[in-house]
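So you can see what is in the structure, the chains are spelled out below.
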Amino acid sequence: MQHVKRRTFLAGVTGAVAMTTVGTPARASDDSGTEVAFPLVHSGLGKATVLWWGGATARFAASELVDYVEQMSGARLRILRAQPQQQPQTATSGVLVLPGSQRQATAVPQVLLTEADTRLRDQATDTYLVSAASLGVLLSGVGDRGVVHATYALLEQLGVGFFAPQFSYYQGAAETVPQTADITVRTQSSLVTPPWPVRRKAIEEGWSINESSLTALIDWMGKQRLNVLVFPYDYYGIGVTRYEDFAAGMAPELSKRGIVVEVGGHGYDAFLSRADHPQYYTPGYNVFNVHDDAAVSQYIANVVAYLQDRPEIAVFDCWPPDGASWSKTTLAAFGTATNAEVHVVNKLVAALADAGLHVQVERIAYNAGLDTPTAGYSFDPNVLIDFAAYGRTYSVPLGHASSSVNAHYLDVLRQWRAVHPGTLAIYDYSRRYRWRELGNPIGVLAQDADAYRSAGVNGIGSYAEPANWLQFEATHLFAARSAWNPTLTYDDFVRSYLPARFGPAAEEMADYLQRTADDPDVLNTPGQATALRTKYQAAAADIAAARAKTAGSSAAAIVLDRLAWGCELALADIDITRYTQVGDQAGKQQAMALYRRLTQRHRFNGIQLESAYTTPRYGEQVTRQQIAKEYRSPAWGYLPQIRFSVQQGASVDVTITAQDVDFQGHDVEWTLTTPQGLTAERTQGRLRASGPLEASETVRLSAGTDVAPGNYAVAVTFAADGRELSPSQCTVTVSR
């Protein structure tokens, strides 16, 4: 693994310092005006030169500015490395756009550097400055990321829309870039300070993550000014979603944007397993014996050794296993699970300091460890506490009087703020896996964010599963924007997002978001399935009306077509529960079959994640290994129908289907094998899979007149680009 300089993160953000960063984005001054400072491009010709100074993030920011200006206008601005006359003290990296396309000089006007240093002095990390006047455009900030933040803020001013990661299924529709022959920058002087120092996306279970989608996610995080990517050390310890498998590929993408990586998740056993150290475990409990100093020391030694070999990790998650069970001896020694965690976490913090490692330790307030420590126990002030309100509802905001559970969670959150002087962040569940393709509770999230701000929270993070991102694009985008503005209201968000995204169809899409806002857990309440179905039927009509107003090949049209498929999926999902609740078994079976078909058809189209949360809805089980292979393949092949009945001497048609996973277009070769007694009209073929639609062909299977009645397995193997894919199998039942 490539060793890089460790990125420190939030060092010393404790006590009063942490609290002063909480609030809405602060503008030390904003002298924005409408006067044109100067043109970047006029009549399709470049009129400026881009200079940069500092490190890799500044170089990257300059290239992004030039690339997007070229996409907008066709004009390629010149890039030069600047030579500051004096080394800036605070504005250590930046981008400067100066008038004139043939500029040769690389000197930076000292007056601009002085302005940047003065404006940025004593500001929080990630504060950024966008300043434009007749002399030039100055983009800078505090820390490595500031210049990147400033550059994307300017591009948004120029009309670029960074709505979603550029996942392959978006087919170019994740962003919108205006086409113009003239690009001008208005006079302004804007200083923006982040209200929350922790702004994250978490890979979490990572069913559908692959190298391409991870790169796209990191790219979008930079554009939304997020600063921490959370990756599991090894989710569930089965080697499927594992940091080591992706670390080398994502390191340069993170580095050039200044984004830091947080690694860990559940649990202690990843670094002190029962198999290797049975002496440190009590039978019947999955947490090692925290009361045993030798066990704690061994765990800490293993973690320190791991982090010494991985200097790129800035934050380490020190969590017990999910569903933690603590031995009676441990609880007797410490009183509570939280107190026991204090013991482990604080010893790890001290050990990391002794080893000279600048890694922040994160700990999650969750389940048995939700409550604050009791008297005599407290976490080190440098520890990042994540607050996980797992059992809450998203029907109402946290703290709402109508939900005693939500009200209790807010009370506990306030208790944490009272006792922990360090960083306190929210581990948000608004993209629960069990919700499948349902739910956009953005209005609740807006009220939550303001409640978090009032409670003194320092940050937030949420899940980032690629496979169904498009279905929840608005929710992901709101979460990113509210991380920079916790007082952002739902109304203000939709007024900004929907016209930019859907143009004349904004009103219809506002209705769609309202109709799909319910917490999907209400589906399990008797009688609510019918009400939810009515809302999603209306949401489908909203999308159809929006589509009628949208040009056929536009970015909005691509998104709307997929959201329409998402409504089909949602209605089939709801119907499974609805028919179950009324005791209609035939209707339930029909809904299950439809949900299965739609899930398989659209699993690569951005609206549905095929996983162990979806397949049980139609009576099937999958493993994480199976799903990971699907989403990490270039293409896929399968049999939409897997059970057939045929009489002796008769025939049946089997459909063979190929799908384009990475949207690059692939030839999928298939080979069919039949058992004795069944024959196929052909046993090999090739399908061209390209884009969101499947490619299929049918093969006729015939049963011999003398074949014995019974069940027969027919196997089909697939390959794409010389790579073997997973085989499929169907069962043919022969009768007389």
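What counts, and where the lines are drawn
Residues numbered from 1 in each chain as written. Predicted model: local features only at pLDDT ≥ 70, side-chain atom pairs only at ≥ 80, totals over all residues. Heavy atoms only, no water. Pairing = 2+ DSSP bridges. Helix = DSSP H or I, 4+ residues; strand = E, 2+ residues; numbered from the N terminus. Axes fitted to C-alpha atoms, helices over the stretch in contact; angles between N-to-C directions. Salt bridge = Lys/Arg side-chain N within 4 Å of Asp/Glu carboxyl O. Buried < 20%, exposed > 50% of the residue type's maximum accessible area, 1.4 Å probe, protein only. Contact = heavy atoms within 4.5 Å. pLDDT = per-residue confidence, 0-100. Expected span 1.5 Å × (residues − 1). Core = buried A, V, L, I, M, F, W, Y, C linked by side-chain atoms within 4.5 Å. Polar contact = N/O pair within 3.5 Å; in protein donor to acceptor, adjacent residues only side chain to side chain. Parallel < 35°, antiparallel > 145°, perpendicular 65-115°, else oblique. Left-handed = near helix turned anticlockwise from the far one by under 90°. Nonpolar A, V, L, I, M, F, W, Y, C, P; charged D, E, K, R; others polar. 1 Å grid on protein atoms, 1.4 Å probe; cavity = no way out; pocket = protein on both sides within 12 Å on 5 of 7 lines; lining within 4 Å. Points joined across faces, edges and corners; volume = space filled by probe spheres on them. Right-handed = clockwise from strand over helix to strand, strands pointing away.

**Looking at the sheet that holds strand β22 (residues 635-638)**
Right, on to step 1. The four strands lie next to each other as β22-β24-β28-β26, forming an open sheet whose pairing is antiparallel. If you trace the sheet from one side to the other, it starts and ends with β22 and β26 (678-680), each paired once. If you compare each strand with its neighbour and ignore which way they point, the axes differ by 25° on average.
Right, on to step 2. Pairing of β22 with strand β24 (residues 651-660) involves four bridges; the strand directions are antiparallel. By the bridge assignment, alanine 635 is partnered in β24 with aspartate 660.

**Considerations on the pattern of salt bridges**
Right, on to step 1. As enumerated under the stated definition, the model contains 38 salt bridges in all.
Right, on to step 2. One salt bridge in this structure joins arginine 199 and aspartate 126, with 2.6 Å as the shortest N-O distance. Of this pair, arginine 199 sits in strand β14 (residues 198-202) while aspartate 126 is found in the loop between α3 (110-120) and β8 (128-133), placing the two residues 73 residues apart along the sequence.
Right, on to step 3. In this structure, the salt-bridge partner of arginine 495 is aspartate 492, at a minimum N-O distance of 2.5 Å. Separated by three residues within a single helix, arginine 495 and aspartate 492 lie in helix α13 (residues 490-502), roughly one turn from each other.
Right, on to step 4. The exposure class of aspartate 492 is partly exposed, given its relative accessible area of 38%.

**As for the environment of glutamine 600**
Right, on to step 1. Take glutamine 600: it is sitting in helix α17 (residues 585-602).
Right, on to step 2. Take glutamine 600: its relative accessible area is 6%, and that puts it in the buried class.
Right, on to step 3. Spatially, the C-alpha atom of glutamine 600 lies 7.7 Å from that of proline 640, the residues being 40 residues apart in sequence.
Right, on to step 4. Excluding its chain neighbours within four sequence positions, the residues that come into contact with glutamine 600 are Glu610, Tyr638, Pro640, Gln659 and Glu694.

**A word on the sheet that holds strand β3 (residues 48-53)**
Right, on to step 1. Spatial strand order, β4-β3-β6-β9-β8-β13: six strands in an open sheet with mixed pairing. Every other strand in the sheet has two partners, leaving β4 (78-81) and β13 (188-192) as the edge strands with one partner each. Taking the axes of each pair of neighbouring strands and ignoring which way they run, one obtains an average angle of 15° across the sheet.
Right, on to step 2. The sheet contact formed by β3 and β4 spans four bridges and is parallel. Paired with tryptophan 52 across the strands is arginine 81, a residue of β4.
Right, on to step 3. Where helix α2 (residues 56-73) meets the sheet, it contacts β3, β4, β6 (94-99) and β9 (136-141), and its direction lies at approximately 160° from that of β3.

**Description of the confidence of the model for the protein**
Do not read the fine detail of predicted coordinates wherever pLDDT is low.
Right, on to step 1. Mean pLDDT over the protein stands at 93; residues scoring 70 or higher make up 95%.
Right, on to step 2. Here residues 1-7 scores under 50 on pLDDT; set against residues more than four positions off or in separate chains, the count is 25 contacts.
Right, on to step 3. When the criterion is pLDDT under 50, residues 9-29 qualifies, and its contacts beyond four places in sequence or with other chains add up to 67 contacts.

**Describing helix α4 (residues 146-157)**
Since one α-helical turn is 3.6 residues long, residues separated by three or four positions face the same way.
Right, on to step 1. Given a rise of 1.5 Å per residue, 12 residues ought to cover 16 Å, and the 17 Å separating the end C-alpha atoms of α4 matches this to within 8%.
Right, on to step 2. Burial runs high along α4: 10 of the 12 residues are buried.
Right, on to step 3. At the C-terminal side of α4, glycine 159 shows a positive phi close to 105°.

**Notes on the nonpolar core**
Right, on to step 1. Within the largest apolar cluster, 171 residues are counted, with the highest numbers of intra-cluster contacts made by Tyr170, Leu229, Phe288, Tyr299, Phe387 and Leu413.
Right, on to step 2. Contacts of leucine 413, omitting those with residues within four sequence positions, involve Phe387, Leu398, Leu424, Ile426, Tyr452, Ala455 and Val457.
Right, on to step 3. Of all hydrophobic cores here, the second largest spans 39 residues; its members include Ala37, Trp52, Leu65 and Val130.

**Describing the environment of serine 273**
Right, on to step 1. Mapping serine 273 onto the fold places it in the loop between β16 (260-264) and α7 (293-308).
Right, on to step 2. Each C-alpha atom of the pair serine 273 and glutamine 85 lies 56 Å from the other, and the pair is 188 residues apart in sequence.
Right, on to step 3. A polar contact is formed between the side chain of serine 273 and the backbone nitrogen of aspartate 276, at a distance of 3.1 Å.

**Brief notes about the packing of α13 against helix α14 (residues 506-515)**
Right, on to step 1. Running from N to C, α13 and α14 point in directions that differ by 130°, and their axes come no closer than 9 Å. Taken together, α13 and α14 sit at an angle that is classed as oblique. In this structure, α13 meets α14 at a crossing whose hand is right-handed. Across from Tyr490, Val494, Leu498, Pro499 and Phe502 in α13, the residues of α14 making contact are Ala506, Met509, Ala510, Leu513 and Gln514.
Right, on to step 2. In the contact of α13 with α14, the residues fall into nine nonpolar, one polar and no charged.

**A closer look at empty space enclosed by the protein**
Right, on to step 1. Tallying each qualifying case throughout the model produces seven cavities of 30 Å³ or more.
Right, on to step 2. In this structure, the largest cavity encloses a volume near 140 Å³.
Right, on to step 3. Residue lining of the largest cavity: 18 residues in total, with Asp428, Ile460, Ser462, Ala479 and Ser482 positioned closest to the centre.
Right, on to step 4. For the lining of the largest cavity, the secondary-structure elements that each account for two or more residues are β14, α11 (442-455), β21 (459-463) and α12 (473-484).

**Points about unusual backbone geometry**
Among all residues save glycine, negative phi is the norm, and among peptide bonds the norm is trans.
Right, on to step 1. In this structure, glycine 267 follows histidine 266 across a cis peptide bond, with omega equal to 10°.
Right, on to step 2. Tracing the backbone shows glycine 267 in the loop between β16 and α7.
Right, on to step 3. Look at aspartate 122: it is not a glycine, yet its phi comes out positive at around 70°.
Right, on to step 4. On the accessibility criterion, aspartate 122 (76% relative accessible area) is exposed.

**What to know about the pairing of β3**
Regular strands place side chains that alternate from one sheet face to the opposite one.
Right, on to step 1. Most of β3 is tucked away, with six of its six residues classed as buried.
Right, on to step 2. Alternating residues of β3 divide into Ala48, Val50 and Trp52 and Thr49, Leu51 and Trp53, and every residue in both groups is buried.
Right, on to step 3. By the bridge criterion, six bridges tie β3 to β6 in an arrangement that is antiparallel. Among the inter-strand pairings, valine 50 is bridged to a residue of β6, identified as valine 97.
Right, on to step 4. In terms of handedness, the path from β3 via α2 over to β4 forms a crossover that is right-handed.

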